[in-house]
Amino acid sequence: MFSGIAALLGVCGLCLFLVEFLQADPALLPLPVIAGSVVWLCLWGFAGLLPAGAWLWLALCLAGVALAALRRDLANALARLASPGFLFFLLGSLAFWAILAAVQPQYILWDEFTCWGTACKMTSLWGCLHPAAPGNLAARGSLPGVPLLSYLFQFIGGGFAEWKSIAAYNTLCLAAMAPLAGTVRAETETGAERGRRWPRAVLLLAGAVLLPYFFTTPAPGGVSRIYLTVMGDLALGLVFGGALCLYFAAAGRGADASVLPALAGAAVSLCFLALIKDIGLAYAAIAAMLIAADRLLAVRRPALLCAGGGAAAFAALLAGPAAFYLGWSRYVSLAASIDKASVGSAATGDAVSYGFMLKDGLLQIAGHGSERYAEKFASVRGLMLDAFSETQLCLLGGGAAALALIAGVLLLALVTASPGAGRRRVAVFGLLGTAGWAAFMLFHLLLYVYNFTQREALILKDYDRYLSPFYLGWLLAAFCLLAVSAEGGSLPRPARLGCLALSGCIAACFGLRGLPSAGFWNYPVENYAVRREVARRAAAVNGALAWEDEVFLISQGDDATRWYYYGYELNARMANGFAGYGYSEQDAENWETTFASLVNPYTDEYNTAKYRFQTLYPYTAACSREDLVVFLREKGYSHILLDQSDLYIRYEMGPLFEGPVPLDRTGEAYLYKIEDDGEAMRFVPAGEVRYEP
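Remember, predicted model here, so these are calculated numbers, not experimental data.

Looking now at the overall build of the chain. Along the chain, the regular secondary structure elements total 24 helices and 11 strands. Looking at the chain residue by residue over its 693 residues, the buried ones come to 55%. Here the analysis covers contacts within the chain between residues at least 6 apart in sequence; of these, 74% occur between residues at least 24 apart.

This is the structure we're talking about:
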């Protein structure tokens, strides 16, 4: 735990410095400090000097503590840090680190191996941004926010541990929730008044902690992965909502002196938001619009002369996120030759520019778009309209239920807010938030039409995962506005009862419908059985592999799970297999895929005595020996990894192997070097291959 705790103390040191010299509210500091640290590392990563930037960051943390220690009122600064929001962040983070160190969770979701987890591992092991690191990572264009967050909390000790990247992720989540406690005013510091504000802050933070569970739809009594993942969706929603809470908590006090640091903190948080996922730039644009509109319409009465100031605020808030997004696109283009200016698949000829997607999408709404996408657009639009009420996004139901809950919270905040600026703030947030939600839904409609395959679009692939973060962040920000009304509104008591009711509703839904049988505190170790088996097998053959090698996996019956696991564990690149049939035949129907379950291509011979124990797998490639030779020769792969054999592999592919071929999965995975002179192909054992009877 040393590296993680040391980095956490470094974050706290920077918070102490800001409390001492800027007189900032401690509850508002953890999020911008962590976000700013990741942005700092990203800049050094662009220059190829990531480790130097990390150690310089640590030196700046120590310098900040030293400067704060030289001040005479350090004791008062430390006392100010002991606020509900900051202690929630610090003690909650320590609890996560302790629990996860004991549980030792591992990655288990597919997307963690295609993108998130593998990128975290590569960044930590190689000390550079993941597009420039060797290894098996298909999504090299994915953004670096979460991998750099993981690196921030691991670089001091060196190496890499999956559980530490998850703990770092949860530290960020708590930092994004902490600004909610900043709504509880702390200007008066008498013991009695300080004691009275603690229960309200604890109530708000308890609801925030359960909010991610509220926006999941687990089976009753199922196993939850909340706080046990490094996928960017939860961080996206919480940082979006947390940045808005950071601003509204300061703006609710009405003093410009407290708002300016909050605006700076929100701007840094939005930069980090744009580094989490590609859609993060859209989140940042919506948050920037809401904050700028608040400065224009809520703080001051609408006037023509204020329009320029509002536009300038929007541009200032969005400039950083846009610059980092464009800078990352340029870096990926140079480091990995990946074009991030288009959507869709270039391999299938479906890639289009973002400009074409937006232009044709708007024309489709008017009924004048491209005929190529007209039918698909109409189908997906109908499916998304149905999904709005029918597809469950939260424990109350679909998007319609979540929207109704947010509307109810904002209505109560509007009624209880102070007349004038307070009510204008809630009204502006509600109206423009709804406009941002509509634009967000339209953008996802276009992504389904232009970025996804026909099959993926018509099942609305990952609909709940893509859309629930926006509702989560929006509700968190609405919760914050209600809490602001509870502190300085015209009807504080009803607003406080509303906060209690909302936290109680979230807790009740969690207890009655979302309480898992296992979570981050007691996740079933047996769920990692396949992962650990693959890790053991990969470790046995890694000594015979180099990073430039391309390994073709044969694992009969695999649904791509073991393929992804091997891709994470092997010190080599995982080669794609092919699906369909007849690779050696002209105009055969086949395509590249991420698994290799090979079956007899001749169905009339399938049930002969020779293969009587053979079974059809759910994911197969009809492949003869000639097919396999032609495929491997065309691709130029260097190795075969035989993970799961069967009768068909032994009898049909056996002549290609040097030595006996096992019949089933045995104690080891067998690694073979592909030798080909253009006339004959042989699979020769690489390293030590021990055959079992």
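Attention shifts here to the sheet that holds strand β9 (residues 639–644). Overall, mixed pairing links the five strands, which are arranged β4-β3-β9-β10-β11 in an open sheet. Lying at the two open borders of the sheet, with one neighbouring strand each, are β4 (573–574) and β11 (681–685). Both strand β3 (residues 550–555) and β9 contribute to a ladder of five bridges, which runs parallel. Considered in β9, the bridge of Phe-552 is made with Ile-640. Along the sheet, helix α22 (residues 561–569) contacts β3, β4 and β9; its crossing angle with β3, the most-contacted strand, is approximately 150 degrees. Together, β3, β9, β10 (670–676) and β11 form the strand contacts of helix α23 (residues 625–635), whose direction differs from that of β11 by roughly 80 degrees.

This next bit is on the pairing of β10. Bridge count for β9 against β10 is four bridges, and the pairing is antiparallel. Of the residues in β10, the one forming a bridge with Ile-640 is Tyr-672. Sheet analysis places β10 next to β11, joined by five bridges and oriented antiparallel. Paired with Glu-675 across the bridge in β11 is Arg-682. Taking the residues between adjacent antiparallel strands as the criterion, β10 and β11 are bridged by four residues, where Gly-678 takes a positive phi near 95 degrees.

Across all of its chains, the model carries 45 aromatic pairs by this definition. Plain terms: the ring middles of Tyr-283 and Phe-470 are 6.0 Å apart, the flat faces sit at 50 degrees to each other, and that makes the pair tilted. In this pair, Tyr-283 sits in helix α12 (residues 280–298) while Phe-470 sits in helix α19 (residues 463–488), placing the two residues 187 residues apart along the sequence. Arranged with centres 4.6 Å apart and planes meeting at 50 degrees, the rings of Tyr-373 and Tyr-450 form a pair that is tilted. Note that Tyr-373 is positioned in helix α15 (residues 371–390) and Tyr-450 in helix α17 (residues 421–450), a separation of 77 residues in sequence. The pair formed by Tyr-373 and Tyr-450 is uniform in burial state, with each residue classed as buried. Directly above the ring of Tyr-568 sits Lys-121, whose terminal nitrogen or CZ lies 4.3 Å from the centroid.

This brings us to helix α7 (residues 145–152). Burial analysis of α7 places eight of its eight residues in the buried class, which makes it a mostly covered element. The complete set of buried residues in α7 reads Gly-145, Val-146, Pro-147, Leu-148, Leu-149, Ser-150, Tyr-151 and Leu-152.

Enumeration according to the criterion identifies two cavities of 30 Å³ or more in this entry. Contributing to the lining of the largest cavity are Thr-118, Lys-121, Met-122, Leu-125, Gly-135, Asn-136, Trp-547, Gly-567, Tyr-568 and Leu-570. Going through the elements one at a time, α6 (110–126) and α22 are the ones with two or more residues in the lining of the largest cavity. The dominant element in the lining of the largest cavity, judged by the number of residues it contributes, is α6, at four residues. Class assignment of the residues belonging to the lining of the largest cavity gives a composition of five nonpolar, four polar and one charged.

Taken N-terminus to C-terminus, the directions of helix α5 (residues 84–103) and helix α8 (residues 162–177) make an angle of 160 degrees; their axes are 9 Å apart at the nearest point. Taken together, the axes of α5 and α8 lie roughly antiparallel to each other. The interaxial crossing formed by α5 with α8 has right-handed handedness. Within the contact between the two elements, α5 uses Phe-88, Phe-89, Gly-92, Ser-93, Phe-96, Trp-97, Leu-100 and Ala-101 and α8 uses Trp-163, Lys-164, Ile-166, Ala-167, Ala-168, Asn-170, Thr-171, Leu-174, Ala-175 and Met-177. The class makeup of the residues in the contact of α5 with α8 is 13 nonpolar, four polar and one charged.

Quick look at the environment of Gly-242 now. Take Gly-242: it is sitting in helix α10 (residues 232–251). A sequence separation of 27 residues divides Gly-242 from Ser-269, and the C-alpha atoms of the two residues are 8.5 Å apart. Every residue in contact with Gly-242, bar those within four places of it in the chain, is listed here: Leu-31, Ala-176, Pro-179 and Leu-476.

Bringing the state of the cysteines into the picture now. Cysteine pairs can be linked by a disulfide, which is a covalent bond between their two sulfur atoms. A complete count under the given rule lists zero disulfides for this structure. With no disulfide partner, Cys-245 has as its closest neighbouring cysteine sulfur the one in Cys-480, 4.0 Å distant. For Cys-245, a relative accessible area of 1% corresponds to the buried category. Here Cys-509 is not disulfide-linked; the sulfur of Cys-505 is the nearest cysteine sulfur, at 4.2 Å. Take Cys-509: its relative accessible area is 10%, and that puts it in the buried class.

Attention now moves to the pattern of salt bridges. In this structure the tally under the stated criterion is 15 salt bridges. In this structure, the salt-bridge partner of Arg-531 is Glu-162, at a minimum N-O distance of 2.9 Å. Separated by 369 residues along the polypeptide, Arg-531 in helix α21 (residues 529–541) and Glu-162 in helix α8 bring together distant segments of the chain. For Arg-531, a relative accessible area of 2% translates into the label buried. A salt bridge links Lys-277 to Asp-233, with the shortest nitrogen-to-oxygen separation between them at 2.9 Å. Here Asp-233 lies in helix α10 and Lys-277 lies in the loop between α11 (256–273) and α12, a separation of 44 residues in the sequence. Asp-233 shares its class with Lys-277; the two are buried.

We now examine the side chain of Thr-171. Looking at the element boundaries, Thr-171 is found in helix α8. Judged by relative accessible area, Thr-171 falls into the buried class, the value being 0%. Among all residues touching Thr-171, those that are not within four sequence positions of it are Leu-8, Ile-34, Phe-89, Ser-93, Trp-97 and Phe-153.

What counts as what
- Residues numbered from 1 in each chain as written.
- Predicted model: local features only at pLDDT ≥ 70, side-chain atom pairs only at ≥ 80, totals over all residues.
- Heavy atoms only, no water.
- Helix = DSSP H or I, 4+ residues; strand = E, 2+ residues; numbered from the N terminus.
- Buried < 20%, exposed > 50% of the residue type's maximum accessible area, 1.4 Å probe, protein only.
- Contact = heavy atoms within 4.5 Å.
- Pairing = 2+ DSSP bridges.
- Axes fitted to C-alpha atoms, helices over the stretch in contact; angles between N-to-C directions.
- Phe/Tyr/Trp six-rings, centres within 6.5 Å; stacked < 30°, edge-to-face > 60°.
- Lys NZ or Arg CZ within 6 Å of the ring centre and 35° of its normal.
- 1 Å grid on protein atoms, 1.4 Å probe; cavity = no way out; pocket = protein on both sides within 12 Å on 5 of 7 lines; lining within 4 Å.
- Points joined across faces, edges and corners; volume = space filled by probe spheres on them.
- Nonpolar A, V, L, I, M, F, W, Y, C, P; charged D, E, K, R; others polar.
- Parallel < 35°, antiparallel > 145°, perpendicular 65-115°, else oblique.
- Left-handed = near helix turned anticlockwise from the far one by under 90°.
- Disulfide = S-S within 2.5 Å.
- Salt bridge = Lys/Arg side-chain N within 4 Å of Asp/Glu carboxyl O.

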